[in-house]
Amino acid sequence: MLPYPSGKLHMGHVRNYTIGDVISRYHRMRGRNVLQPMGWDAFGLPAENAAMENGIPPGRWTRDNIDYMRGQLQALGFGIDWSREFATCEPDYYRWNQWLFLKMLEQGLVYQKTGAVNWDPVDQTVLANEQVIDGRGWRTGALVEKRDIPMYYMRITAYADELLAALDDLDGWPERVRTMQANWIGKSEGVRIAFPYTLDGHDEKLWVFTTRADTLMGVTFVAVAAEHPLAQRLAEGNPDAAAFIEKCRAGGVTEAELATQEKEGVSTGFSVRHPLTGEDVPVWIGNYVLMGYGEGAVMGVPGHDERDFAFAHKYALPIRQVVAVKGEQYDAAEWQAWYAAKDGACVNSGRYDGLGFQGATDAIAAALEAKALGEKRVQYRLRDWGISRQRYWGCPIPIIHCEQCGAVPVPEDQLPVVLPEDLAPDGSGNPLARCDSFVNCDCPRCGGRARRETDTMDTFVDSSWYYMRYTSPGSNSAMVDARADYWLPVDQYIGGIEHAILHLLYSRFWTKVMRDLGLLKIDEPFTNLLTQGMVLNQIWFRRDAEGRVTYYDPAGVKTGANDTGVAADGQPVEFGGLGKMSKSKNNGVDPQTLMQRYGADAVRLFTMFAAPPEQTLEWSEAGVEGAVRFLKRLYRTVAEHVAQGPVEARPRELSDAARELRRQTHATIAKVGDDIGRRYTFNTAIAAVMELLNTVNRFEPLDDADRAVIQEALDTAVLLLAPIVPHVCHRLWRALGHAGAVIDARWPKVDPHALQRDQLDIVVQVNGKLRGRVTVDADADRGAVEQTALADENVQRFIGDKPVRRVVVVPGKLVNVVV
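Since the model is a prediction, treat every value here as computed from it, not as a measurement.

Asker: Help me out: how do you make sense of the overall build of the protein chain in this one?
Answerer: Secondary structure summary: the protein chain contains 26 helices and 35 strands in total. Once the C-alpha set of the protein chain is aligned to its principal axes, its extents read approximately 105 × 80 × 65 Å. Here the protein chain holds 819 residues, and the buried ones make up 51% of them. If you take every contact in the protein chain between residues at least 6 apart in sequence, the share linking residues at least 24 apart comes to 69%. Of the roughly 37,600 Å² of accessible surface on the protein chain, a fraction of 48% belongs to carbon and sulfur atoms. Here the protein chain holds 90 positive side-chain charges and 107 negative ones, and the gap between their average locations is 3 Å.

Here it is, written out as structure tokens:
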């Protein structure tokens, strides 16, 4: 995944790109054509924040960071094709964002509607959810308002079925990620139900969607979102409702926030009618109902829904049991998990009593449909993608607003709409809106005076197709050209689990849209996905008398027993455990400093050796020093071998020790190839080479025939480590007498004859515990192996006079004697 140019690489970057580089170099050595490109996710809010802090345009800050980070990547020796490099803030890249936006607009896949946002009334700008802290703007401290403003949306819901179904075919993706995406799409089979009402002399319907239609007879209230049209109308004559709606405007806009906040509401004094019984059902406005999900209204069944239960208890609303689970005692005063179980039967539900979940759902849906008050429906949790951002540093939305013609798409021959880069945000709203040279323009239809759209696109747009652009560098006439057919889909994609939902889902959607527009021939963008774990480091802090926390760099803390520590000022600090490296916790490690102290290869080796890629990696300076020691040992072993002069092998029968070294050499080739090429367990691959080097150092050659076996082992070790530590291995490859660069060398092949053994070492267990080792002929049959094991002196001692009940022989590995 491409990096955001924030200023410096962090260890998460190093881990991600080292994994990719190792895989790329391995496949290149296997003779494959490999594309390993690099780009920069260069638009976004951090650049605006930095611009406000430093008083410089975001573009200059971003490009300075790109230059520095590019140098760091090159210093780490990543085999990147820099000829394909681009930044998403370049007009010749984002013109295609704009082009596809217009194509999607033509297809009905882009539309405009009002949407709820966080509004900072002081900065006069929209805030991302993470910029709202305790209901206030992160910079101004002003109480944040919830506002409805016009926004552009991409109709990702049109692909909901395909996005969900295609997850079953993504065999190269972690199951965890596929589950996360399936849950986000959230396919629900339920019933859409209408609650009729009469208002201002007109008969109307309030619609809800539920997956538990079997509980319809337990409805004791309905709750609508503060933004719901019915809430707005009822508030006109209800000061309490109007005040509550205003209060809700200051709340969050995300589903997660609604789920965790205290359930609050206000009665409207208005009722709708139950669709089957006709009884009055009071209407409440609830802060836990989100207009953007479902119908913006829910039927309150407090006996069988946890949120409704909490709401009903708070406002003393009736709680009615309509589902009974055999063997469970109903208590209306307490919430119990079984309330929501689908294995119960209807009670207190009239004609539906005794029916189970499915039977009651079918019967109630049929009754509603007969009255034109409901129908079965499949619904998705997924909502259309709102791409409008009221920020400066992003891709301009190619729309022109004309008083005569309305919203007019920018003609294709006028793309790109170029973002002026000389503006510096100052916290007083979007500077684009004050830039007359950008805003003022002529209408493409009538020629009259008009204004450009000043919203910019969500940066997820930039990152949804960047990997496609790598395949078609320099293409000026199309987003991608025929070269994409060769390279796509991406064979191996690598990135953090934090991008498992939105980035990957939007990329999948973008791919399917481009396919349907005839731009691509693929259905999915990424064949295989590897989600690497975070890099962790110790957290040390001190809290002052006022409770303020200061964090200390772990490198400057002297640690003692029982997690105690002393900072550089000589005062004690507290241990906060292990946590993700971050600037806020002051526990990051600068890769540049590490490279200068230990060398790039040591950093690469530690990163790959410390943990499997999917697991978290615990930072350890001692671990890097251990990597250095191993590289020195490898270097010294090669140097000692080379110092003895070139090898001139004389054919002879190899000794047992030489045959064993050669066998281990080729067994290591097989293991490392599998570990890197299939399993991606780089730590075990490195461990296998370390074991091979240990065997080389223990081997004492007698003549050139033995030295030839050592030469083969060292050649192999260097080739197997070359994807991981390319700089050292290049030097050693040349020292071993090879003319070319190690990156151009071929991956070693396994000699099956070398793997053959005359004799095998067999582990012997008694009742599952190791009690001895025996040597048997490689072609010994089961009986011979069993007899040899039972005759072993140590094994006999543990068997004693007990009768042998059973002997289990695992060919070539072990014997287990059961007594």
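Asker: Explain the layout of surface pockets to me, please; I cannot follow it from the model alone.
Answerer: If a probe as big as a water molecule is rolled over the atoms, it shows which places are left empty. By volume, the second largest pocket amounts to about 880 Å³. Lining the second largest pocket are 32 residues, with Phe209, Thr210, Thr211, Val298 and Arg307 positioned closest to its centre. Every element with two or more residues in the lining of the second largest pocket is listed here: strand 9 (202-210), helix 9 (255-260), strand 13 (297-300), helix 10 (306-314) and strand 16 (374-380). In terms of residue class, the lining of the second largest pocket is built from 15 nonpolar, eight polar and nine charged.

Asker: Explanation requested: the packing of helix 6 (residues 175-185) against helix 16 (residues 502-516) in the structure shown.
Answerer: Between two packed helices, what matters for the description is the angle formed by their axes and the separation of those axes. For the pair helix 6 and helix 16, the least separation of the axes is 10 Å and the interaxial angle reads 75 degrees. Comparing the axis directions of helix 6 and helix 16 gives the class roughly perpendicular. Along the contact surface, helix 6 presents Val177, Gln181, Trp184 and Ile185, while helix 16 presents Leu502, Leu504, Leu505 and Arg508. A breakdown of the residues in the contact of helix 6 with helix 16 according to their chemical character gives six nonpolar, one polar and one charged.

Asker: Help me out: how do you make sense of the pairing of strand 11 (residues 265-273) in this one?
Answerer: Regular strands show a simple pattern: their side chains alternate between the two faces of the sheet. Where strand 11 lies against strand 12 (residues 280-286), six bridges are found, and the strand directions are antiparallel. Pairing of Arg273 across the sheet is with Asp280, part of strand 12. Between the end of strand 11 and the start of strand 12, which pair antiparallel, lie six residues, with Gly278 showing a positive phi angle near 80 degrees.

Asker: Is there a simple way to explain unusual backbone geometry in this structure?
Answerer: Among all residues except glycine, the phi angle is most often negative; among peptide bonds, the trans geometry is most common. With an omega of 5 degrees, the peptide bond running from Leu415 to Pro416 counts as cis. Within the secondary structure layout, Pro416 lies in the loop between strand 20 (406-409) and helix 12 (436-439). With an omega dihedral of 5 degrees, the bond running from Leu488 to Pro489 counts as a cis peptide bond. Here the phi dihedral of Asp200 falls at roughly 55 degrees; this positive angle occurs in a residue that is not glycine. Relative to the assigned elements, Asp200 resides in the loop between strand 8 (187-199) and strand 9. Residue Asp200 is classed as exposed on the basis of its relative accessible area of 62%. Phi at Tyr680 takes a positive value of approximately 60 degrees, unusual for a residue other than glycine. Along the chain, Tyr680 turns up in the loop between helix 20 (656-679) and helix 21 (682-698). Given a relative accessible area of 12%, Tyr680 falls into the buried group.

Asker: Is there a simple way to think about the pattern of salt bridges in this case?
Answerer: Charged atoms that come close allow side chains of opposite charge to pair. Under the defined criterion, the tally for this structure stands at 45 salt bridges. In this structure, Asp21 engages Arg25 in a salt bridge whose closest nitrogen and oxygen atoms are separated by 2.8 Å. Taken as a pair, Asp21 and Arg25 lie in helix 1 (residues 11-29) at a separation of four residues, close to a single helical turn. In terms of burial, Asp21 and Arg25 fall into one category: buried. Notably, a salt bridge pairs Glu85 with Arg70, separated by 2.9 Å at the nearest N-O pair. Highlighted residues: Glu85 in the loop between helix 3 (58-75) and strand 2 (86-87) and Arg70 in helix 3, separated in sequence by 15 residues. Taken together, the salt bridges that share partners define one network made up of Glu162, Arg508, Lys512, Arg515, Asp516, Asp523 and Glu524.

Asker: Even after reading the chapter, I still don't get the packing of aromatic side chains, so can you show me in this structure?
Answerer: Aromatic ring pairs are described here by two measures, namely the spacing of the ring centres and the angle between the planes. Here the structure, examined in full by the defined rule, presents 33 aromatic pairs. Arranged with centres 5.7 Å apart and planes meeting at 85 degrees, the rings of Tyr197 and Phe270 form a pair that is edge-to-face. With Tyr197 in strand 8 and Phe270 in strand 11, this residue pair connects regions lying 73 residues apart in the sequence. Plain terms: the ring middles of Tyr288 and Phe311 are 5.3 Å apart, the flat faces sit at 55 degrees to each other, and that makes the pair tilted. Residue Tyr288 is found in the loop between strand 12 and strand 13, and its partner Phe311 is found in helix 10; the two are separated by 23 residues along the sequence.

Asker: Quick question: what am I supposed to make of the side chain of Asp384 here?
Answerer: On the secondary structure map, Asp384 appears in the loop between strand 16 and strand 17 (385-386). Excluding residues that lie within four positions of it along the chain, Asp384 makes contacts with Tyr111, Tyr153, Met154, Arg155, Ile156 and Thr157.

Asker: How should the sheet that holds strand 9 be read in this particular structure?
Answerer: Where strands meet in a sheet, backbone hydrogen bonds hold them as pairs that are either parallel or antiparallel. Sheet architecture is open: three strands sit in the order 9-8-16, paired in antiparallel fashion. In this open sheet, the two edge strands, each paired with only one partner strand, are strand 9 and strand 16. Neighbour-to-neighbour, the strand axes of the sheet open up by a mean angle of 35 degrees, direction not taken into account. Relative to strand 9, strand 8 runs antiparallel, the two being bridged by nine bridges. Along strand 9, the bridge assignment pairs Ile193 with Val208.

Asker: Whenever I open this one, the sheet that holds strand 22 (residues 449-452) confuses me. Can you help?
Answerer: One open sheet accounts for four strands, arranged 20-19-22-21; its pairing is antiparallel. Either end of the sheet is taken by a strand with one partner, and the two such strands are strand 20 and strand 21 (440-442). Shown here is a sheet whose adjacent strand axes are inclined to one another by a mean of 40 degrees, direction ignored. Two strands pair when backbone bridges link them, and strand 19 (residues 399-402) and strand 22 are joined in this way by two bridges, in the antiparallel orientation. Bridge pairing in strand 22 places Ile400 opposite Arg452.

Cut-off values and rules
- Residues numbered from 1 in each chain as written.
- Predicted model: local features only at pLDDT ≥ 70, side-chain atom pairs only at ≥ 80, totals over all residues.
- Heavy atoms only, no water.
- Helix = DSSP H or I, 4+ residues; strand = E, 2+ residues; numbered from the N terminus.
- Buried < 20%, exposed > 50% of the residue type's maximum accessible area, 1.4 Å probe, protein only.
- Contact = heavy atoms within 4.5 Å.
- Areas by Shrake-Rupley, 256 points an atom, 1.4 Å probe, with all protein chains shown as cover.
- Lys, Arg positive; Asp, Glu negative; His and termini not counted.
- Charge placed at Lys NZ, Arg CZ, Asp CG, Glu CD.
- 1 Å grid on protein atoms, 1.4 Å probe; cavity = no way out; pocket = protein on both sides within 12 Å on 5 of 7 lines; lining within 4 Å.
- Points joined across faces, edges and corners; volume = space filled by probe spheres on them.
- Nonpolar A, V, L, I, M, F, W, Y, C, P; charged D, E, K, R; others polar.
- Axes fitted to C-alpha atoms, helices over the stretch in contact; angles between N-to-C directions.
- Parallel < 35°, antiparallel > 145°, perpendicular 65-115°, else oblique.
- Pairing = 2+ DSSP bridges.
- Salt bridge = Lys/Arg side-chain N within 4 Å of Asp/Glu carboxyl O.
- Phe/Tyr/Trp six-rings, centres within 6.5 Å; stacked < 30°, edge-to-face > 60°.

Purely geometric numbers; function is a separate question.
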